[in-house]
Amino acid sequence: KKAAWKKGSATPKAALADVQKCKDLGIETHLQANNTRANYAGHVRRGRQWLASYFKTPAISESERGDIASDDLLIPMPSSPASFDMHSDNDAHDDPAFKDAFDRIPNRCSHKALALFMSLKGFHENLSKTTIESIRSAFKKMWDLSDGDTYRGKWHFDEARRCWEGNPADSADVYDVLSSIKHKASAEGGDRTHSMAMMKDYMDRVLRWHQAACPLEIALHMIEKTMSGAQPSDLHLDFETRKQLTQHLEQITLVASGWTLWTRCDLSIDRASYFEIFLSNRKGWQKKVDKGQWEVDLRSNHYKIYPRPEMLACDNFFWMLVWIKWLEFFHYGRTLHPNDFLFPVMGANSVVHPGQPISHDTVQKWINESTAGAGILGNFSTHCFRRGGAQYWFMFAPVGQRWTLAKVRWWGGWAEGEHRDTLVRYLLNELHAYETDYSDALAPISRGADVSLTGEHALARPASTEELCMVHASVAADVNCLRNDISSVNNSLRSLTNVVVQAACTTATALQHPDSSRFSVVSDLSCTETPSPPYAPPVGGVSITAVSAQPLILSRPVASKIATSHSTHVKASSPSARITSRQLPTPGLVILRVPVLRPNGTTNPKTKSWKDIVTHWLVGDPDQGLTTPLKDWPREWYQGANRQFASKYHQRATIALEFINQYDSNEARFLAAYPEAELGHTQLLKAVNKARTARGERVSRTK
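Residues numbered from 1 in each chain as written. Predicted model: local features only at pLDDT ≥ 70, side-chain atom pairs only at ≥ 80, totals over all residues. Heavy atoms only, no water.

Quick notes on the side chain of K184
Defined as follows: Secondary structure elements are taken from DSSP: a helix is a run of H or I of four residues or more, a strand is a run of E of two residues or more, and numbering for both begins at the N terminus. Throughout, a contact is declared for two residues whenever any of their heavy atoms are within 4.5 Å.
With respect to the helices and strands, the residue K184 is situated in helix α7 (residues 172-187). Setting aside residues no more than four positions away along its own chain, K184 makes contact with G122, F123 and N126.

Printed below as a string of structure tokens:
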């Protein structure tokens, strides 16, 4: 029995050890987000490497020292008078305990070593204040978790126990260094290096740049065909076209997601179903759990995305759907798996790797490329979408659609305890400049930006008596002008009526005198009305003047010739005979000539003219005035009064539809069938018409 008791007592000890390991692993894994934990570990590792470089003790192995990047090595402090005083604080670095200051268990030198390390990074290497704050937070978290409650709280020396207690990161030395670095950053204008906000107008311009660089309509057309039952392999998508479309679609979707969800674009989105997106690494979600907000946490990081067709560049619903279908149909050949990244990396061979997320550097490269291509000046980082989306919904959305600060805080994942002024200053720093802008102080109606958010109260407040009087005076002036215009129109119509009556009297008089042998003027004023003053209204740019009221008498030969003709050709001097019935074309319509002439004076080569025609058909060219793609032109834009565009429109349609419908937008097949494309669009059109005639789709006119 005694042996059996001993055997049974060993099991609980082993189990407790396993539980202890499980606890440590659970805290290490789930207490902080993965990105935060990795960043903190890097700061601690570099701090220990710096400290070990001053001592000859084997604090780190040679292999670890070889892995240290050159920018991570600490440069020793200079010994000049202007350098940092390394020998202050009673030569703390000469203390034998100084070399172990960054161990998991702190000692009496830990706070001084951390203050020196932060000073070097902030003052000597000139790192940002946010990096210095992250260094302090990394060591603070390490010491907080080192031994329960022993090393938490303010760092101080316990006289009774004769030992140091608290957290060295909460010491006065560390706080003094941190405050000094913050003051240095403010004095040097560090805030100016922050990323600019990606405004909605910038989003629209970037989308237009993507559309000009790549005909996205081809991708939409192919997805539509595939969803209708066609096989992706039957669409003959060539390698380069798929690569180009994939790059642009991924960029557009990534940008729309970042602007909508306010991510920094380096946070991975693990899964999306039914357009309810879950962000597993959303900043600040752990604090909600720490405060016991279980009900709130059930829905935290979950975002329901709805269509926004009026904001195409920011329509995450639309572009996410297009991007997922593009990946499934033309890259994976299957539906997305739960572990697939929505924004995977694409190799140099255009192979998409679903298990590897796109890198931060690639996203930054895309941002630089798109902003430069769209002609947007400024410094934009991956943070620009978070700031741009938040600023739009808080300040710039239409009246009645703007979000409250509480909604902004929830959607952006900021902590509940985040002070509202800190949040506004951090995220919406343009608001302060707007509310303190008094450049329109002399305006008759003040916008009062300092009274309400962006002066919104000025749009909703009741009108004052003075404002109503101003409105009444303006309306009265407009009514008087309208009366004068109506009176002028009446006078013009009266004069025009007199002219028409004169023309009728002239014709009737000529028919009543068939015996006249030649033109003669009848001076019978008693039979005519008093002539009205000449009237010359501009019609189509031609001035029409009334002639004398004296009627003309036509001779018999002329009269008989008119009688025998089925159509009357009377060349009377009446204004009605000179007015054309053709209306002016709709202003603003244009079909661009090809080859396209660019603003810099150069023209595209004739070999690319057919591509320009396809682009004009699918996308248009807003920079050249073709704001609506030709495929979307209604019939009245090239018929009726606008029939001057009919010939050119049908020529463009013939070439574009031949490429899209007959050859499924496959450039290689199209060029193989029509080598005339290398000679220009005119020869290509002749070849296409010839092919259509051979297929029985076109009937040639008989000449």
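Section: the pattern of salt bridges
To be explicit about the condition: What counts as a salt bridge is simple: a side-chain nitrogen of Lys or Arg found within 4 Å of a carboxyl oxygen of Asp or Glu. Classification of residues uses two cut-offs on accessible area relative to the type maximum, computed with a 1.4 Å probe and protein chains only: under 20% is buried, over 50% is exposed, and between them is partly exposed.
Following the criterion strictly, the structure yields 20 salt bridges and no others. Of the charged contacts, one joins E125 and K121 as a salt bridge, the two residues approaching to 3.2 Å between their closest N and O atoms. For E125, a relative accessible area of 23% puts it in the partly exposed group. Salt-bridge contacts for D204 lead to K200; the nearest nitrogen and oxygen are separated by 3.2 Å. In this pair, D204 and K200 both sit in helix α8 (residues 200-213), 4 residues apart, roughly one turn of the helix. For K200, a relative accessible area of 22% puts it in the partly exposed group. Each of R136, K140, D144 and D170 takes part in one network of salt bridges that share partners.

Remarks on the side chain of E328
Looking at the element boundaries, E328 is found in helix α13 (residues 316-332). Assessed through its relative accessible area of 10%, E328 is described here as buried. Dropping the residues within four chain positions of it, E328 is found in contact with G333, R334, T335 and L336.

Details of the packing of aromatic side chains
One pair of aromatic rings is described through two measures. These are the centre distance and the angle between the planes. As a reminder of what qualifies: Two rings from Phe, Tyr or Trp (for Trp, the six-membered ring) form a pair when their centres sit within 6.5 Å of each other. Planes less than 30 degrees apart are called stacked, planes more than 60 degrees apart edge-to-face, and all others tilted.
Applying the stated criterion to the full structure yields 32 aromatic pairs. A centroid spacing of 6.4 Å and a plane angle of 75° characterise the contact between F117 and F139, whose relative ring orientation is edge-to-face. Residue F117 is found in helix α5 (residues 110-124), and its partner F139 is found in helix α6 (residues 129-144); the two are separated by 22 residues along the sequence. Ring centres of W633 and Y649 lie 6.1 Å apart, and the angle between their planes is 20°; this geometry places the pair in the stacked category. On the criterion of sequence distance, the pair formed by W633 in the loop between α22 (609-618) and α23 (646-662) and Y649 in helix α23 is long-range, its members being 16 residues apart. With relative accessibility at 6%, the residue W633 sits in the buried group. Assessed through its relative accessible area of 7%, Y649 is described here as buried.

Quick notes on helix α15 (residues 384-396)
Let me state the cut-off plainly: Helix span is expected to be 1.5 Å times the residue number reduced by one.
Here α15 is 13 residues long, yet its end C-alpha atoms lie only 16 Å apart, well below the 18 Å a rise of 1.5 Å per residue gives. Where burial is concerned, most of α15 is hidden: 12 out of the 13 residues are buried.

A short note on the environment of K140
Topologically, K140 is positioned in helix α6. Taking relative accessible area as the criterion, K140 reaches 23% and is therefore assigned partly exposed. When the C-alpha atoms of K140 and Y40 are compared, they prove to be 9.8 Å apart, with 100 residues separating the residues in sequence. If near-sequence neighbours (up to four positions away) are discounted, K140 is found in contact with N167, A169 and D170.

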